[in-house]
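One letter stands for each residue in the lines below.
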2 protein chains.
Amino acid sequence: MLYLGIDCGGSNIAAAIVDESMNIVGRGKVKFAPGRSAECFCDDIAAAARMAADDAGVQLSDCAYCGLGCPGVVNSGSGMLEYSANLGIENLSLGAEMERRLGLSIYIANDANCAALGEVKAGAAKGADSALVVTLGTGIGGGIVIGGRIYAGVNGIAGEIGHMVIFPGGEECSCGRRGCWEAYASATALKRQTRRAMEAAPDSLMWKYAPSLDKVSGKTPFVAQRAGDATAALVVDSYINYLALGLVNVINILQPEVVCIGGGVSNEGDPLLLPLRERVESMRFVRGNLRHPRIELATLWGDAGLIGAAMLDA
Amino acid sequence: MLYLGIDCGGSNIAAAIVDESMNIVGRGKVKFAPGRSAECFCDDIAAAARMAADDAGVQLSDCAYCGLGCPGVVNSGSGMLEYSANLGIENLSLGAEMERRLGLSIYIANDANCAALGEVKAGAAKGADSALVVTLGTGIGGGIVIGGRIYAGVNGIAGEIGHMVIFPGGEECSCGRRGCWEAYASATALKRQTRRAMEAAPDSLMWKYAPSLDKVSGKTPFVAQRAGDATAALVVDSYINYLALGLVNVINILQPEVVCIGGGVSNEGDPLLLPLRERVESMRFVRGNLRHPRIELATLWGDAGLIGAAMLDA
């Protein structure tokens with residue numbers, strides 16, 4: 001059996017034909033510029049889907065169904081894309097529109113949730129009964145999978161772990177509140193922390209890797225730490241503390257079998273993962289001698305959303 | 001069909017025969033002193049069960065099964081009571097022991113989780129697909145129900161919402177860390193906040209309702225507030241802020257259909273509930289015009305655990 005998975009981002013619509021072993025056997029991609037009409041958006045999705053089918057050498061009708069991941073608020077029950085700031089679209093009957101265009105049953109879900117499902121079906125959390133996927137990027141995204149299915153809560157937006165306040169009155173967050181975890185542990189926050197440390201330490205090696213503050217990336221402190229820079233080591237240490245602090249809170253609530261860390265910062269690998277595991281272990285709530293959630297790095301990257309979408313009803 | 005539900009506390013073992021309409025038709029109770037042997041514990045449970053059956057005028061064999069709620073870490077899969085500080089018991093094959101004594105299939109779960117299931121089956125969250133039950137007592141307990149069943153995570157201890165740190169480095173918590181929500185929003189925390197306010201305000205009306213600091217209860221500031229005391233009003237206001245702060249964090253993660261507030265403090269009713277709803281509404285993460293979790297007071301009180309236990313496999 002084949003499945004069609006689609007991942008709609010703010011700049012690209014990606015499509016994949018996925019087989020029963022969760023291999024991607026055909027791909028399509030269409031550029032999408034926010035601000036285009038909902039009609040165009042649906043046509044572009046259909047175009048990406050046909051490209052993927054052509055690439056795989058199959059017909060769309062060979063697919064069991066089409067799964068669609070979109071940023072924003074998605075009503076999986078009604079098939080409505082209720083609100084997406086990234087796409088500039090609201091109240092679109094996406095399920096019905098795409099069913100008409102593709103001739104397939106359509107299942108839709110939030111894109112971060114699809115990525116979480118992808119990691120459970122084929123990635124770092126493969127086979128887990130419960131998993132939390134944490135994406136460290138511009139913000140902190142979260143996707144929860146329970147019993148092999150996405151858990152999206154009563155309104156489709158469960159998993160907004162980034163807007164858990166951990167320092168009341170602290171750093172400003174893009175959501176309008178202060179002290180959110182996202183304002184301390186996203187890639188954006190790491191860059192801000194790095195810039196502040198560089199300004200206070202004109203002799204830090206970080207200036208070698210980022211000659212001006214606008215060149216700072218999430219990699220900067222990690223690279224400089226490996227080169228022996230003490231200021232960079234402090235930035236990394238403090239960032240991992242913030243990351244662990246919020247993660248322990250979510251683990252205490254959900255106790256998932258696997259926690260997957262994805263997003264740009266997770267590229268750092270073991271220098272991020274090993275101290276993170278150690279700090280979470282020292283802080284999490286324990287009673288007796290229990291199994292504890294495994295913390296792993298996400299492995300599917302950009303394909304997690306495609307595979308998860310394709311597996312929405314598998 | 002009848003069901004046998006048992007709620008094992010640190011001082012009492014309560015049993016109930018529950019009918020299909022979730023009415024309790026017979027009750028039994030045996031005092032239990034922690035420190036007694038696991039053998040005694042099991043015999044006492046059986047005695048409470050027989051009392052309940054006698055009270056209902058039925059045979060134990062008329063029940064479909066027995067559901068058991070215990071404080072501590074319970075492995076629902078293996079039927080093991082792995083660790084219970086309150087009962088002073090660990091590694092007890094409770095399922096097997098009780099099956100032998102009662103001749104019924106046994107299902108076991110954590111007692112807070114049973115109480116949450118009870119509220120979903122027959123209380124304030126009746127019929128909800130997802131619910132969070134928050135118990136404001138000595139600590140803050142949490143129970144999560146998803147899809148009509150208890151969600152206990154990989155190790156049986158999901159829902160430890162009280163040990164979410166909201167003020168890093170803040171008040172000491174019984175768990176050994178600092179700044180846990182429980183240290184700000186449990187009944188114990190409310191009493192501490194009340195005492196501190198009284199010490200700083202010798203003319204507060206709270207001294208009328210609690211003539212000495214050891215007489216302070218969770219009711220003290222609420223009663224004095226109603227009598228017009230400004231210091232008490234500040235204590236209540238600040239307490240509800242702490243409560244809302246943590247609750248919003250959990251709501252952003254779980255977005256349950258219903259949030260039930262139970263435990264001693266919830267006795268205060270609307271003077272607690274109405275401002276709490278308002279503050280949660282002003283702080284929670286929203287996108288578009290979405291359904292939001294309903295916040296309600298728990299309604300079943302001590303019976304929630306009994307009914308939830310009885311419904312563990314219904």
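Above this text sits the structure in question.
Residues numbered from 1 in each chain as written. Chains lettered and ligands numbered in written order. Predicted model: local features only at pLDDT ≥ 70, side-chain atom pairs only at ≥ 80, totals over all residues. Heavy atoms only, no water.

Q: Explain the relation of the copies chain B and chain A to me, please; I cannot follow it from the model alone.
A: Here the two chain copies are tied together by a rotation about an axis and a shift along that axis. With an RMSD of 0.0 Å, the operation that places chain B on chain A is a rotation of 180 degrees combined with a shift of 0.0 Å along the axis. Both copies of the chain, as the preceding transformation shows, are related through a two-fold rotation axis. Measuring from the rotation axis to each C-alpha of chain B, the shortest distance belongs to Ile-166 of chain B, at 2.4 Å. Interface overlap between copies is the fraction of interface residues in one copy that are interface residues in the other; for chain B against chain A it reaches 100%, indicating a shared surface. (Least-squares fit on C-alpha atoms with pLDDT ≥ 70 in both. Contact = heavy atoms within 4.5 Å.)

Q: Whenever I open this one, the packing of helix H8 (residues 230-254) of chain B against helix H9 (residues 270-283) of chain B confuses me. Can you help?
A: For any two helices packed against each other, the geometry is given by the interaxial angle and the distance between the axes. All names here are of chain B. Where H8 meets H9, the closest approach of the two axes is 9 Å, and the angle between their N-to-C directions is 50 degrees. Here H8 lies oblique to H9, going by the angle between them. H8 and H9 meet at a crossing whose hand is right-handed. Here Asp-237, Tyr-239, Ile-240, Asn-241, Leu-243, Ala-244, Leu-245, Leu-247, Val-248 and Ile-251 of H8 come into contact with H9, specifically with Pro-271, Leu-272, Pro-275, Leu-276, Arg-279, Val-280 and Met-283. Across the contact of H8 with H9, the residue classes break down as 14 nonpolar, one polar and two charged. (Axes fitted to C-alpha atoms, helices over the stretch in contact; angles between N-to-C directions. Helix = DSSP H or I, 4+ residues; strand = E, 2+ residues; numbered from the N terminus. Parallel < 35°, antiparallel > 145°, perpendicular 65-115°, else oblique. Left-handed = near helix turned anticlockwise from the far one by under 90°. Nonpolar A, V, L, I, M, F, W, Y, C, P; charged D, E, K, R; others polar.)

Q: Explanation requested: the environment of Phe-41 of chain B in the structure shown.
A: Residue and element names in this part refer to chain B. Tracing the backbone shows Phe-41 in helix H1 (residues 38-56). The exposure class of Phe-41 is buried, given its relative accessible area of 0%. The spacing of Phe-41 and His-292 is 251 residues in sequence and 43 Å in space, taken between C-alpha atoms. In this view, Phe-41 contacts Cys-8, Ile-13, Phe-32, Cys-70, Leu-81, Leu-87, Ile-89, Leu-92 and Leu-94; residues no more than four positions away in its chain are not counted. (Buried < 20%, exposed > 50% of the residue type's maximum accessible area, 1.4 Å probe, protein only.)

Q: Sorry if this is basic, but what is going on with the pattern of salt bridges here?
A: If charged atoms from side chains of opposite charge come close, those side chains can pair. Residues and elements named next belong to chain B. A full pass over the atoms with the stated rule returns 30 salt bridges over all chains. Close ionic contact of Glu-171 with Arg-196 constitutes a salt bridge, the shortest N to O distance being 2.5 Å. Here Arg-196 lies in helix H5 (residues 187-200) and Glu-171 lies in the loop between strand S11 (149-150) and helix H4 (182-185), a separation of 25 residues in the sequence. Owing to a relative accessible area of 19%, Glu-171 belongs among the buried residues under this scheme. (Salt bridge = Lys/Arg side-chain N within 4 Å of Asp/Glu carboxyl O.)

Q: Just to check I follow, could you spell out the interface of chain B and chain A for this structure?
A: Note: interface size is frequently given as the accessible area lost on complex formation between the parts. Opposite the 41 residues of chain B that make contact, chain A presents 41 residues. Summed over the shared surface of chain B and chain A, the result is zero salt bridges. At the boundary of chain B and chain A, one finds 20 residue pairs in polar contact (both at pLDDT 80 or more). Looking at the side of chain B that touches chain A, the elements with two or more residues in it are strand S6 (80-84), strand S10 (140-146) and H8 of chain B. For the side of chain B that touches chain A, a count of residues per class yields 25 nonpolar, ten polar and six charged. (Polar contact = N/O pair within 3.5 Å; in protein donor to acceptor, adjacent residues only side chain to side chain.)

Q: Explain the packing of aromatic side chains here, please?
A: Given two aromatic rings, their pairing is described by the distance between the two centres and the angle made by the two planes. All names here are of chain A. Tallied over the entire structure, the rule returns twelve aromatic pairs over all chains. Residues Phe-167 and Tyr-242 carry aromatic rings whose centres are separated by 5.9 Å and whose planes lie at 85 degrees to one another, so their mutual orientation is edge-to-face. Note that Phe-167 is positioned in the loop between strand S11 (149-150) and helix H4 (182-185) and Tyr-242 in helix H8 (residues 230-254), a separation of 75 residues in sequence. Exposure remark for Phe-167: the relative accessible area of 22% places this residue in the partly exposed category. Taking 5.0 Å as the distance between ring centres and 55 degrees as the angle between the ring planes, the aromatic pair formed by Tyr-184 and Tyr-242 counts as tilted. Taken together, the positions of Tyr-184 in helix H4 and Tyr-242 in helix H8 put the pair 58 residues apart, joining distant regions of the chain. Members of the aromatic cluster, connected to one another through ring pairs, are Tyr-3, Tyr-65 and Tyr-107. (Phe/Tyr/Trp six-rings, centres within 6.5 Å; stacked < 30°, edge-to-face > 60°.)

Q: Even after reading the chapter, I still don't get the sheet that holds strand S10 (residues 140-146) of chain A, so can you show me in this structure?
A: Strand pairing in a sheet takes place through backbone hydrogen bonds and is either antiparallel or parallel in direction. Residues and elements named next belong to chain A. Spatial strand order, S11-S10-S9-S12-S13: five strands in an open sheet with mixed pairing. Here the strands that pair on one side only, and so sit at the sheet edges, are S11 and strand S13 (294-297). The sheet contact formed by strand S9 (residues 130-136) and strand S12 (residues 258-262) spans five bridges and is parallel. Counted as the bridge partner of Thr-135 is Gly-262 from S12. Taken strand by strand, helix H3 (residues 111-122) contacts S9, S10, S11 and S12, and its axis lies near 55 degrees from that of S10. Helix-sheet contacts for H8 involve S9, S10, S12 and S13, and the interaxial angle to S9 is about 155 degrees. (Pairing = 2+ DSSP bridges.)

Q: What's the story with the nonpolar core in this structure? I'm lost.
A: Burial of nonpolar side chains together is a common tendency in soluble globular proteins. By size, the foremost hydrophobic cluster in this structure holds 102 residues, and its most contacted members are Val-134, Trp-181 and Leu-247 of chain A together with Val-134, Trp-181 and Leu-247 of chain B. Those residues within four positions of Val-134 of chain B in sequence are excluded, and the remaining contacts are Ile-140, Gly-141, Ile-161, Trp-181, Leu-247, Val-259, Cys-260, Ile-261 and Gly-262 of chain B. (Core = buried A, V, L, I, M, F, W, Y, C linked by side-chain atoms within 4.5 Å.)

Q: What is the right way to read helix H3 (residues 111-122) of chain B from this model?
A: For an α-helix, 3.6 residues make a turn, and residues three or four places apart therefore share a direction. Residue and element names in this part refer to chain B. Here H3 spans 16 Å end to end across twelve residues, near enough to the 16 Å set by a 1.5 Å rise per residue. Buried residues of H3: Asn-113, Cys-114, Ala-115, Ala-116, Leu-117, Gly-118, Glu-119 and Val-120, and no others. Near the N-terminus of H3, the side chain that reaches the backbone nitrogen of Ala-112, with its oxygen 2.8 Å away, is that of Asn-110. (Expected span 1.5 Å × (residues − 1).)

Q: Would you mind showing me how to read the pairing of strand S6 (residues 80-84) of chain A here?
A: For a regular strand, side-chain orientation follows a simple rule: the groups alternate between the two sheet faces. All names here are of chain A. Two strands pair when backbone bridges link them, and strand S5 (residues 73-75) and S6 are joined in this way by three bridges, in the antiparallel orientation. Note that in S6 the partner of Val-74 across the bridge is Leu-81. Between the antiparallel neighbours S5 and S6 lie four residues, among them Gly-79 with a positive phi of about 75 degrees. Of the pairings in the sheet, the one linking S6 to strand S7 (residues 89-92) comprises three bridges and is antiparallel in character. When the bridges of S7 are listed, Leu-81 appears paired with Leu-92.

Q: What exactly am I supposed to notice about the sheet that holds strand S2 (residues 12-18) of chain B here?
A: All names here are of chain B. Spatially, five strands are ordered S3-S2-S1-S4-S8 in an open sheet, and the strand pairing comes out mixed. Single-partner strands in this sheet number two, and they are strand S3 (24-31) and strand S8 (106-110). The average angle at which neighbouring strand axes cross in this sheet is 15 degrees, direction not considered. Taken together, the six bridges between strand S1 (residues 2-8) and S2 define a ladder with antiparallel strand orientation. Bridge pairing in S2 links Cys-8 to Ile-13. Across the face of the sheet, helix H2 (residues 94-102) comes into contact with S1, strand S4 (63-70) and S8 while running at roughly 140 degrees to S8. Packed onto the sheet, helix H10 (residues 303-310) meets S1, S2, S3 and S4 and runs at close to 130 degrees relative to S1.

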